[in-house]
Amino acid sequence: MNNIVERDGTSKLLFFFTKDCNYCLNSIANYKAYKSYSLIDTTMAFMLVDELHNIDTVSDSIRKVLQDIDYEIADRSKFDAIDAYPMSFYIKNDSVKQVIVGQLPSPALFSY
């Protein structure tokens, strides 16, 4: 995780998902809300795939859901610590404050 996130003292949300997970796709709307929510400085999304050359198997309907977000496609084998999908990490002041396994909740969770 350290090689993904710069140490800069800000708050970040890292969102890991797969193209074949309904909970992941249902979380996209809440992920989009985090981008405009002022309590999180940076959001980063990663679509984990088994083989990078098979990314063309992403259906048009999934691409439509993802069209409004920036995400990176990454090899799942390089993220072996991610063992459930979706999985998100809330990082503040360079420390993981919360690990969210399962559907990403509303940004209101971090408003307190």
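Just above, that's the structure.
No experiment lies behind these values; they were computed from the predicted model shown. The numbering scheme is per chain: residues are counted from 1 as the chain's sequence reads. Where local features are concerned, this predicted model is filtered to residues with pLDDT of at least 70; where side-chain atom pairs are given and counted, the filter is 80 or more; whole-chain, interface and lining totals use all residues. To obtain the side-chain values, all non-hydrogen atoms of the structure were used and water was disregarded.

Caption draft 1: Layout of the overall build of the protein. Helix and strand definitions follow DSSP, with helices as H or I runs of at least four residues and strands as E runs of at least two, each counted in order from the N terminus. The helix and strand inventory of the protein stands at two helices and five strands. Its helices and strands in sequence order give the protein the pattern β-α-β-α-β-β-β, from N to C terminus. Type-normalised accessible area, obtained with a 1.4 Å probe on protein chains alone, sets the label of each residue: buried when under 20%, exposed when over 50%, and partly exposed for intermediate values. A buried classification covers 40% of the 112 residues belonging to the protein. When checking whether two residues touch, look at their non-hydrogen atoms; a contact exists if any pair is within 4.5 Å. Considering only contacts within the protein whose residues lie at least 6 apart along the sequence, 68% involve residues at least 24 apart. Of the accessible surface of the protein, which amounts to about 6500 Å², a share of 45% is contributed by carbon and sulfur atoms. Surface exposure here means Shrake-Rupley accessible area, sampled with a 1.4 Å probe, where a residue is shielded only by the protein chains that are shown.

Caption draft 2: Spotlight on unusual backbone geometry. The peptide bond linking Tyr-85 to Pro-86 adopts the cis configuration, its omega dihedral lying at -10°. Along the chain, Pro-86 falls in the loop between strand E3 (71-75) and strand E4 (87-92). Of note in this structure, Asn-93 is not a glycine but carries a positive phi near 50°. Secondary-structure assignment places Asn-93 in the loop between E4 and strand E5 (95-101).

Caption draft 3: Representation of helix H1 (residues 22-36) within the structure. What the bend at a residue measures is the angle between two axes, fitted to the seven residues ending there and to the seven starting there. In H1, a bend of some 35° at Ile-28 exceeds every other bend along the element. Every buried residue of H1 is accounted for by Cys-24, Ser-27, Ile-28, Tyr-31 and Tyr-34. Taken together, the buried residues of H1 touch strand E1 (11-17), strand E2 (42-49) and helix H2 (60-66).

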